Amino acid sequence: MSFAWPWQYSFPPFFTLQPNGETRQKQLSAWCALALAYSQRHRLPAMTVREAQDSPLFANRRLQRKLPLESIQVVLEELRKNGNLEWLDKNKTSFLIMWRRPEEWGKLIYQWVSKNGLTNSVFTLYELASGDDTENEEFHGLDETMLLRALQALQQEHKAEIITLDDGRGVKFF
Amino acid sequence: MDRFAWTSGLLELGETLVVQQRGVRLYDGEEKVKFDSGVLLLSTHRLIWRDQKNHECCIAIPLSQVVFIEEQAAGIGKSAKIVVHLHPASSNKEPGPFQSSKYSYIKLSFKEHGQIEFYRRLSEEITQRRWENMPTSQTIQVNKDSQAGRIRAVGIVGIERKLEEKRKETDKNISEAFEDLSKLMEKAKEMVELSKSIANKIKEKQGDITEDETIRFKSYLLSMGIANPVTRETYGSGTHYHMQLAKQLAGILQTPLEERGGIMSLTEVYCLVNRARGLELLSPEDLVNACKMLESLKLPLRLRIFDSGVMVIELQSHNEEEMVASALETVSEKGSLTADEFAKLVGMSVLLAKERLLLAEKMGHLCRDDSVEGLRFYPNLFLTQS
């Protein structure tokens, strides 16, 4: 099934940052929603701003419109404010779009843990993300960076602790 | 012709070339001399003539030798000439082509034209006497034996020395030039202080001087470029003149405004009004000042200034915000429009069309598409859809 672009994607003004405040708010919300949906569908890995400029997400070839660099940065900042984006370096050249926030992932993982009475057990990261037991879970196949972020969020809430094992890292749930 | 001296033709330090002209023949007084075809060069210091066929043959005369110059118009078979009257040759003059001459003037004959420009430049140089400000060594280079006279600077040291001298000269010239300017600025400061104190006196003594006098003072201040210093009263910031003018404008502009949909840019008004007046044209400042009073005088027109700074005159009955609604309809019908297209459709000037579209955008009815293809306006689906 091909990706369902929202109506805004075919609307030329979508690719010009609107000066009118109210209009701009609506526009940015639409951009954020699109970025998250696209990132989820295409399992977007971390990317650089340069790559983002050329990605179909921000450049609609058929319409011959691209979101200019400054506007892309406004969208990225908006995503970051909402907790859906993380800059991977100090110079803000690469970023990761988290269509689901780490806290949300953490919640799903913990739900599975408690539902199956697995508190006080220890897991390796591999087992969690790729083990047979978690095959039907949404977080199955989650990439390690995101998984770690999720567990860190749980750690903040004292529901888990990330530990070092012989051959990698693991987590203990409380 | 005995005032001329042989020269290498090279310019001295501090001497600059002003203009040159080919095809010039020299006359000693009324008599032709063998210098019949050359390039005549005018520098800040000298008049130089170089033979076009034999570049080694080059003579020059310092401009300080010139008493005055005249033009001699061309005739049939005769080229235009410049007559240069000269001081007697100085005793220490360098050797030249003629030892003596019975004439105290020479003629420059312009066989290939160019005399008008040359005459102009030569007059300028003689008036300005730039050679006095930029002293170069007075001795003119002798053709073959070059040792006498100027210190011929050699090598890098020489070049550096020349550059240093040139820099010092430039510095001196610049500070001299600006001396006058700083004196002028001081005077201007005094003038502003004076007018400020007058303005304050007016403010204090409001009761004592009559309104007429206040208005007259204000107009003096206005003519000096200082806007109204007194607090705004019922008549706003105008003078009698501007009040009258405003009333006049209301009369003149009523019909044209109605013809143009109730709104005109201030530049259109300016052209219209001045064309109608013929003589006694209005200055832009007077127009603006008069227009600023329109509303307070309760006249049927008003001045409106858009966010972009564009100024227009509107009929009181005109409501730009309502026009925006109709603009939205027009844009929706066509899907999208540029300011140009909109202007053509509605029959407005592009400037006013753009202002209307921008106003519509500000009100949230339209949104923009800014690309290499230009600026287009669309109905604001961001707010109306989803």
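Note that this is a predicted model, so its numbers are computed, not measured.

**Some details on unusual backbone geometry**
Consideration 1: Phi is positive for Lys92 of chain A, close to 55 degrees, though the residue is something other than glycine.
Consideration 2: Secondary-structure assignment places Lys92 of chain A in the loop between β4 (85-87) and β5 (94-97).
Consideration 3: Judged by relative accessible area, Lys92 of chain A falls into the partly exposed class, the value being 42%.
Consideration 4: Phi is positive for His113 of chain B, which is not a glycine, with a value near 60 degrees.
Consideration 5: Secondary-structure assignment places His113 of chain B in the loop between β9 (105-110) and α1 (115-128).
Consideration 6: Overall, the relative accessible area of 58% leaves His113 of chain B in the exposed class.

**Some details on the packing of aromatic side chains**
Consideration 1: Overall, the coordinates contain 23 aromatic pairs over all chains when judged by the stated rule.
Consideration 2: Between Tyr103 of chain B and Tyr105 of chain B the ring centres are 5.7 Å apart and the planes differ by 75 degrees, which places this aromatic pair in the edge-to-face class.
Consideration 3: The buried category is assigned to Tyr103 of chain B, whose relative accessible area is 17%.
Consideration 4: An aromatic cluster of at least three residues, connected via ring pairs, comprises Phe3, Trp5, Trp7, Tyr9, Phe11, Phe14, Phe15, Trp31, Tyr38 and Phe58 of chain A together with Tyr378 and Phe382 of chain B.
Consideration 5: Of note, Arg100 of chain A hangs over the ring of Trp105 of chain A, and the distance from its end group to the ring centre comes to 4.7 Å.

**Notes on helix α10 (residues 350-362) of chain B**
All names here are of chain B.
Consideration 1: For α10, with 13 residues, the first-to-last C-alpha span of 18 Å sits near the 18 Å given by 1.5 Å per residue.
Consideration 2: Regarding α10, the residues found buried are Leu352, Ala353, Glu355, Arg356, Leu357, Leu359, Ala360 and Glu361.
Consideration 3: One or two steps after α10, the chain reaches Gly364, where phi turns positive at roughly 90 degrees.

**With respect to the nonpolar core**
Consideration 1: Core analysis: the biggest nonpolar cluster contains 32 residues, and Trp31, Phe58, Leu76, Leu79, Phe95 and Ile97 of chain A have the highest contact counts within it.
Consideration 2: Counting only elements with at least two residues in this core, the list comes to α1 (21-41), α2 (49-54), α3 (69-81), β4 and β5 of chain A.
Consideration 3: In this structure, Leu42, Leu63, Leu86 and Phe110 of chain B belong to the second largest nonpolar core, which totals 29 residues.

**Points about the UniProt feature "coiled-coil region" (unreviewed entry) in chain B**
Consideration 1: Listed under "coiled-coil region" (unreviewed entry) in the UniProt record, and renumbered for this structure, are residues 160-187 of chain B.
Consideration 2: What you have in residues 160-187 of chain B is 100% helix and 0% strand, and the ends, taken at the C-alpha atoms, are 41 Å apart.

**Considering the side chain of His242 of chain B**
Consideration 1: Residue placement: His242 of chain B occurs in helix α5 (residues 240-259).
Consideration 2: A distance of 3.0 Å separates polar atoms of two side chains, one belonging to His242 of chain B and the other to Asp286 of chain B.

**Considering the sheet that holds strand β14 (residues 366-371) of chain B**
Residues and elements named next belong to chain B.
Consideration 1: Ordered by their spatial adjacency, three strands build an open sheet running β13-β15-β14, and the pairing between neighbours is antiparallel. Each edge of the sheet is formed by a strand with only one pairing partner; in this case those strands are β13 (337-338) and β14.
Consideration 2: Alignment of β13 against strand β15 (residues 374-379), held across two bridges, turns out to be antiparallel. Looking across to β15, one finds that Thr338 is bridged to Arg376.

**Let's talk about the interface of chain B and chain A**
When the parts of a complex come together, some accessible area is lost, and that lost area is often used as the size of the interface.
Consideration 1: With 18 residues of chain B in contact, the opposing surface of chain A contributes 16 residues.
Consideration 2: Around 1,500 Å² of area is buried between chain B and chain A when both sides are counted, 63% of it from carbon and sulfur atoms.
Consideration 3: Area buried by chain B at its contact with chain A is led by Arg368, Phe382 and Leu383 of chain B, which between them contribute 42% of it.
Consideration 4: Applying the counting criterion to the chain B and chain A interface returns two salt bridges.
Consideration 5: A salt bridge links Arg65 of chain A to Glu373 of chain B; the shortest N-O distance between them is 3.4 Å.
Consideration 6: Run the count over chain B and chain A and you get seven residue pairs in polar contact (both at pLDDT 80 or more).
Consideration 7: It is β14 of chain B that contributes the most residues to the side of chain B that touches chain A, five residues altogether.
Consideration 8: Per-class residue counts for the side of chain B that touches chain A are seven nonpolar, five polar and six charged.

**Examining a nonpolar patch on the surface**
Consideration 1: A contiguous nonpolar patch, built from Ile174, Phe178, Leu181, Leu184 and Met185 of chain B and spanning about 510 Å² of accessible area, is present on the exposed surface.
Consideration 2: Relative to the helices and strands, Ile174 of chain B is located in helix α3 (residues 155-204).

**Topic: the pattern of salt bridges**
Consideration 1: Under the definition given, this model contains 28 salt bridges over all chains.
Consideration 2: With its nearest N and O atoms 2.4 Å apart, the salt bridge here joins Glu86 of chain A to Arg149 of chain A. Of this pair, Glu86 of chain A sits in strand β4 while Arg149 of chain A sits in helix α6 (residues 144-156), and the two are 63 residues apart along the sequence.
Consideration 3: Members of the salt-bridge network, linked through shared partners, are Glu117, Arg120, Arg121 and Glu124 of chain B.

The rules we used
- Residues numbered from 1 in each chain as written.
- Chains lettered and ligands numbered in written order.
- Predicted model: local features only at pLDDT ≥ 70, side-chain atom pairs only at ≥ 80, totals over all residues.
- Heavy atoms only, no water.
- Helix = DSSP H or I, 4+ residues; strand = E, 2+ residues; numbered from the N terminus.
- Buried < 20%, exposed > 50% of the residue type's maximum accessible area, 1.4 Å probe, protein only.
- Phe/Tyr/Trp six-rings, centres within 6.5 Å; stacked < 30°, edge-to-face > 60°.
- Lys NZ or Arg CZ within 6 Å of the ring centre and 35° of its normal.
- Expected span 1.5 Å × (residues − 1).
- Core = buried A, V, L, I, M, F, W, Y, C linked by side-chain atoms within 4.5 Å.
- UniProt positions renumbered as here; feature names shortened; annotations may be inferred.
- Polar contact = N/O pair within 3.5 Å; in protein donor to acceptor, adjacent residues only side chain to side chain.
- Pairing = 2+ DSSP bridges.
- Contact = heavy atoms within 4.5 Å.
- Buried area = accessible area lost by both parts, 1.4 Å probe.
- Salt bridge = Lys/Arg side-chain N within 4 Å of Asp/Glu carboxyl O.
- Nonpolar A, V, L, I, M, F, W, Y, C, P; charged D, E, K, R; others polar.
- Patch = residues over 30% accessible without salt bridge, like charges linked within 9 Å, V, L, I, M, F, W, Y side chains within 5 Å.
- Areas by Shrake-Rupley, 256 points an atom, 1.4 Å probe, with all protein chains shown as cover.

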